[in-house]
Amino acid sequence: MHIVTASDENYVIGVLVLIASAHRHNPEARFSVLCSDWSAHSLAKLDALRRRLNVQIDCLDIAADRLAGLPVSRTHLTRATYARLFIPDVLPDADRVIYMDCDILVTGSLFGAWTCDLGDHILGAVRCPSPTPAFAAEINLPLKFYINAGFLVMNLPIWRAEGLAQSCLSTLADPDCPNITRDESAINNIARGRVRFLDAGYNFYALDRVWQSPLSH
């Protein structure tokens, strides 16, 4: 099992919590962290966690200039959110990874997601628990098909063969790009009709104010 996450200096603690919690329930997993402008101090923390858990953690630098032309319009996001779109490129030998946002706490096994039959689907994902109608409407996607991009099982050979990541990045670099949720909108747009929908338990919102059906498809 190969789990990938990404962050800049703002979410280092989240990365450490994600890895520690994922390892606890999935000790067979190895990890790659797409790091954007991490300090030496933060890299040392990641290395200390690697040694403490005795687990493989690879740190892959995503240079700031690769993200510089990409816009950020939501206050809780930074340009590091786009790093997931570099996964097909920076992990050229991987056929499948589970990408997880660095604000996720893992509470159980991910084996079902890791081994799901993707077939010709480009990714496995969970329907967004509380989709905002405007997000889906801007890309003309029925609301029930809109996915949250924080948990993705990525079918990387297809991503590479069809240049899907570059297609997303080219769209997002356009100054007239209307996508409200940026990379999530772009991923939803290219993935329409090509998503293997996963159990909601793999990407559950831990907020009392957000309603969702428990563990439903």
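For the structure given in this document, a descriptive report is provided here.

## So, the pairing of strand 5 (residues 123-127)
Here is step 1 of the chain: Strand 5 sits mainly inside the fold: four of its five residues count as buried.
Here is step 2 of the chain: Bridge count between strand 5 and strand 6 (residues 147-155): four bridges; the pairing is antiparallel. The partner of Arg127 across the bridge, within strand 6, is Ile147.
Here is step 3 of the chain: Where strand 5 lies against strand 7 (residues 195-197), three bridges are found, and the strand directions are parallel. The residue of strand 7 that forms the bridge with Gly124 is Arg196.

## A look at the packing of aromatic side chains
Here is step 1 of the chain: Counting across every chain of the model gives two aromatic pairs.
Here is step 2 of the chain: Ring geometry for Phe145 versus Phe197: centroids 6.3 Å apart, planes at 25°, classification stacked. Placement of Phe145 in the loop between helix 6 (133-137) and strand 6 and of Phe197 in strand 7 is noted, with a sequence separation of 52 residues between them.
Here is step 3 of the chain: On the basis of an interplanar angle of 20° and a centroid distance of 5.7 Å, the ring pair of Phe151 and Tyr202 is categorised as stacked.

## Let's talk about the packing of helix 8 (residues 164-173) against helix 9 (residues 183-191)
Here is step 1 of the chain: It is at 10 Å that the axes of helix 8 and helix 9 come closest, and there the two elements cross at 130°. Judged by the angle between their axes, helix 8 and helix 9 are oblique. In the crossing of helix 8 with helix 9, the sense of the turn from one axis to the other is right-handed. On helix 9, the residues touching Leu164, Cys168 and Leu172 of helix 8 are Asp183, Ala186, Ile187 and Ile190.
Here is step 2 of the chain: Broken down by class, the residue content of the contact of helix 8 with helix 9 amounts to six nonpolar, no polar and one charged.

## Things to note about unusual backbone geometry
Glycine aside, negative phi is the norm for most residues, and most peptide bonds take the trans geometry.
Here is step 1 of the chain: Positive phi outside glycine occurs at Asn54, with the angle close to 55°.
Here is step 2 of the chain: For Asn54, a relative accessible area of 72% puts it in the exposed group.
Here is step 3 of the chain: The backbone of Asn140 shows a phi angle near 55°, a positive value even though the residue is not glycine.
Here is step 4 of the chain: With respect to the helices and strands, Asn140 occurs in the loop between helix 6 and strand 6.
Here is step 5 of the chain: Residue classification places Asn140 among the exposed residues on the basis of a relative accessible area of 64%.

What counts, and at which threshold
Here, residues in each chain are numbered from 1, in the same order as that chain's written sequence. A pLDDT threshold of at least 70 governs which residues receive local features in this predicted model, and a stricter bar of 80 or more applies before side-chain atom pairs are shown or counted, although totals over entire chains, interfaces and linings include all residues. Heavy atoms from the whole structure form the basis of all side-chain values; hydrogens and water molecules are not counted. Remark: exposure states derive from per-residue accessible area (1.4 Å probe, protein chains only) relative to the maximum for the residue type, with buried under 20%, exposed over 50%, and partly exposed in between. Each helix corresponds to a stretch of at least 4 residues labelled H or I by DSSP, and each strand to a stretch of at least 2 residues labelled E; elements are numbered beginning at the N terminus. Two strands are counted as paired when DSSP detects at least two bridges linking them. Only Phe, Tyr and Trp rings take part, Trp by its six-membered ring, and two of them pair if their centres are within 6.5 Å. Stacked means planes under 30 degrees apart, edge-to-face means over 60, and tilted covers everything else. Angles here are taken between N-to-C directions and fall from 0 to 180 degrees, while the axes themselves are lines fitted to C-alpha atoms, restricted in helices to the stretch in contact. Any angle between 65 and 115 degrees counts as roughly perpendicular, while under 35 counts as roughly parallel, over 145 as roughly antiparallel, and the rest as oblique. Each helix crossing is assigned a hand: it is left-handed if the near helix lies turned anticlockwise from the far helix by less than a right angle, otherwise right-handed if that turn is clockwise. In what follows, residue pairs with any heavy atoms lying within 4.5 Å of each other are defined as contacts. We call Asp, Glu, Lys and Arg charged. Ala, Val, Leu, Ile, Met, Phe, Trp, Tyr, Cys and Pro are nonpolar, and the rest, Gly among them, are polar.

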